[in-house]
Amino acid sequence: RDLVRSRGLGDVYKRQQSDMLILPCSKYVFIFCFLYYKSMIKKVIFRLFPRIVAFLKGFRSFGAKSSLGLHISGNLKHVSVGKHSYIGPNCKFLTPIAQVSIGNFSLIGPDVMFITGNHQYDDPNQLMIHFSNENKSKKCDEDIFIGSDCWIGARALILKGVKINDGAIVGAGAVVTKDVPPCTIVAGNPAKIVKPRFSIEADVLKHVQFIKNQRV
């Protein structure tokens, strides 16, 4: 009888120990499921209702049938996006004063950064840190323009005053400091022309005209 009682107490103790293990595990499983489904729901919302998301994020304008990835940040009230374009995840728009304009049918890869402003450094009687957006020279902030049918590769950096014309391609990780001609491929730091997008020069004009004729 004592042996049976000890076995019963042992079984109770084992069940209590197993319950103590199950409770923390079930808590972590619940947290994992919650975070997973939260991210999935967020992705679905971004995919199905991109214009609503863009409005909530504060874009200046966001064209029909354009889409955007997660974690886009910056002063988005200075950013305009055309129709049928895509902005990849983790893109940053550092636009304190000037504007960023993105055309139609353009692709912006992940982690691309747009910087429309610069520090003023040419005043010998002033420290750079003492200049604010209000009192620095206007030449320190210039608009960025991205044309239509452009492709900006991942982690590229587009600096102030740059105009990337229709049909151009910017390689991944490139630092663009100067304008990019139409239908031209650039890469490197600083970005330099690698080659034209089309081998026949007449095809450049043909494609630019083709872009303009696209119905949006």
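Report follows, based on the coordinates. Remember, predicted model here, so these are calculated numbers, not experimental data.

The next subject is the overall build of the chain. Helices and strands together make up the secondary structure of the chain, namely 3 helices and 17 strands. Counting only residues that meet the buried cut, the chain has 32% of its 216 residues in that class. Long-range contacts, defined here as pairs at least 24 residues apart, represent 25% of the contacts in the chain between residues at least 6 apart.

If you walk through the whole model with that rule in mind, you get 5 salt bridges. Of the charged contacts in the structure, one is a salt bridge between lysine 139 and aspartate 122, with a shortest N-O distance of 3.1 Å. Within this pair, whereas lysine 139 is found in the loop between β9 (113-115) and β10 (144-146), its partner aspartate 122 is found in the loop between β9 and β10, the two being separated by 17 residues in sequence.

Residues Phe59, Ile87, Phe93, Phe114, Ile152, Ile158 and Ile164 are the most contacted members of the largest nonpolar core, which totals 30 residues. Looking at this core, the elements with two or more residues in it are β4 (79-81), β7 (100-102) and β10. Setting aside its immediate chain neighbours within four residues, isoleucine 164 contacts Phe145, Ile146, Gly147, Cys150, Ile152, Ile158, Val170 and Val180.

This part is about a nonpolar patch on the surface. Together, Ile52, Phe55 and Leu56 make up an exposed nonpolar region whose accessible area comes to about 400 Å². Position of isoleucine 52 among the secondary structure elements: in helix α2 (residues 50-57).

It is worth spelling out the side chain of histidine 78 at this point. Checked against the element boundaries, histidine 78 lands in the loop between β3 (73-74) and β4. Note on histidine 78: relative accessible area 12%, which makes it buried. Within the local environment of histidine 78, its side chain forms a polar contact with the backbone oxygen of threonine 95, the two atoms lying 2.7 Å apart.

Rules used in this analysis
Residues numbered from 1 in each chain as written. Predicted model: local features only at pLDDT ≥ 70, side-chain atom pairs only at ≥ 80, totals over all residues. Heavy atoms only, no water. Helix = DSSP H or I, 4+ residues; strand = E, 2+ residues; numbered from the N terminus. Buried < 20%, exposed > 50% of the residue type's maximum accessible area, 1.4 Å probe, protein only. Contact = heavy atoms within 4.5 Å. Salt bridge = Lys/Arg side-chain N within 4 Å of Asp/Glu carboxyl O. Core = buried A, V, L, I, M, F, W, Y, C linked by side-chain atoms within 4.5 Å. Patch = residues over 30% accessible without salt bridge, like charges linked within 9 Å, V, L, I, M, F, W, Y side chains within 5 Å. Areas by Shrake-Rupley, 256 points an atom, 1.4 Å probe, with all protein chains shown as cover. Polar contact = N/O pair within 3.5 Å; in protein donor to acceptor, adjacent residues only side chain to side chain.

Nothing here speaks to function; it is all geometry.
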